[in-house]
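Spelled out from the first residue to the last, the chains are:
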Amino acid sequence: MFDYSPRPDLLTGRVILVTGAGRGIGAAAAKTYAAHGATVLLLGKTEANLTNVYDEIEAAGHAKPAVIPFDLETALPHQYDELAAMIEKEFGHLDGLLHNASIIGPRTPLEQLSGENFMQVMHINVNAMFMLTSTLLPLLKLSKDASVVFTSSSVGRKGRAYWGAYGVSKFATEGLMQTLADELDTVASVRSNSINPGATRTSMRAQAYPAENPQNNPTPEEIMPVYLYLMGPDSSDVNGQALNAQ
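Residues numbered from 1 in each chain as written. Predicted model: local features only at pLDDT ≥ 70, side-chain atom pairs only at ≥ 80, totals over all residues. Heavy atoms only, no water.

Asker: Whenever I open this one, the overall build of the protein chain confuses me. Can you help?
Answerer: Helix and strand content of the protein chain: 7 helices and 7 strands. Going residue by residue from the N terminus, the α and β elements of the protein chain occur as β-α-β-α-β-α-β-α-β-α-β-α-α-β. On C-alpha atoms alone, the protein chain measures out to a radius of gyration of 17 Å, which is about the 18 Å that the 2.2 N^0.38 rule sets for 246 residues. Seen along its three principal axes, the alpha-carbon backbone of the protein chain occupies a region of about 50 × 40 × 35 Å. Looking at the protein chain as a whole, 49% of its 246 residues are labelled buried. (Helix = DSSP H or I, 4+ residues; strand = E, 2+ residues; numbered from the N terminus. Rg over C-alpha atoms; globule rule 2.2 N^0.38 Å. Buried < 20%, exposed > 50% of the residue type's maximum accessible area, 1.4 Å probe, protein only.)

Asker: I tried to follow the pairing of strand β2 (residues 39–44) on my own but got confused; where do I start?
Answerer: Regular strands place side chains that alternate from one sheet face to the opposite one. The buried fraction of β2 is high, at 6 of 6 residues. Because side chains alternate across β2, one face comprises the buried residues T39, L41 and L43, and the other comprises V40, L42 and G44, equally buried. Between strand β1 (residues 15–19) and its parallel partner β2, the chain crosses via helix α1 (residues 24–35), and the hand of that crossover is right-handed. As judged from the 4 bridges shared by β2 and strand β3 (residues 66–69), these two strands associate in the parallel manner. Among the inter-strand pairings, L42 is bridged to a residue of β3, identified as V67. (Right-handed = clockwise from strand over helix to strand, strands pointing away. Pairing = 2+ DSSP bridges.)

Asker: Where do I start with the packing of aromatic side chains in this structure?
Answerer: Under the criterion given, the structure shown has 4 aromatic pairs. Considering the side-chain rings of W163 and Y166, the 5.7 Å spacing of their centres and the 45° angle between planes classify their relative orientation as tilted. Over the ring of W163 we find R107; its NZ or CZ atom is 4.0 Å from the centre of that ring. (Phe/Tyr/Trp six-rings, centres within 6.5 Å; stacked < 30°, edge-to-face > 60°. Lys NZ or Arg CZ within 6 Å of the ring centre and 35° of its normal.)

Asker: Would you take a moment to explain helix α2 (residues 47–59) for this structure?
Answerer: What sets the pattern is the α-helix's 3.6 residues per turn: residues three or four places apart point alike. The end-to-end C-alpha distance of α2, which contains 13 residues, comes to 18 Å, matching closely the 18 Å that a straight helix rising 1.5 Å per residue would cover. Listing the buried residues of α2 in full gives L50, V53, Y54 and I57. Across the axial projection of α2, the buried residues extend over an arc of 105°, all falling on one side. Looking at the packing, one finds that the buried side of α2 touches α1, β2 and β3. Downstream of α2 by a residue or two, G61 has a phi angle that is positive, lying close to 80°. (Expected span 1.5 Å × (residues − 1). Arc of directions from axis to C-beta. Contact = heavy atoms within 4.5 Å.)

Asker: Explain the environment of M131 to me, please; I cannot follow it from the model alone.
Answerer: Within the secondary structure, M131 sits in helix α4 (residues 115–140). Note: C-alpha distance between M131 and L76 (55 residues apart in sequence) is 9.5 Å. Ignoring any residue separated from it by four or fewer positions in sequence, one finds M131 in contact with P77 and Y80.

In short, shape yes, function no, at least from these values alone.
What follows is the structure, given as structure tokens:
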């Protein structure tokens, strides 16, 4: 596991947006960031799931989060602009962006993968992530110390059979992270890095490996040290790096 011990007030005063915040790793990250002082913007497709996370954060007495229902599959360019305008109006700037939302798509040989399935995975995992990054970048540049964290995968660092569009989308994720990091290096106080969560006890992992015993994998809460490290000031000089949670 990534070795890092964050101080309790690590993220005090920071505004952090988490995509796919309704469940799994996204929900764990949102609650962890809130527990360390951040105001968390919970973005996701299913409002009921986001509301549950909101309620947990509020019940714990942390800074009041915001629920942002937003469907990355169907969102149009003007809706990204409206999202950025709303965040600027309500919060003034953004200190962190965790790209966590993605779909796995069919695990099948490329030869049997339909164009429709390929394009759906690429749209949610890559196109929407790019749109969100580019639209929110001006708000991140208003922060004294901003961090964009991309969620990668081992299959986005070395190609593996039958991972189809998901694997390709994670290679694209690494490419987007590296390009952004290089462009912003020394010209903005925004850094860009990726995390490979590794095998984690989530519904996506269960979908990919139905025969696996989930108890053998750590919970999302157990892999949070690296998520805290990259979102806080201790990683202010880390840029363009591909880190592993485990």
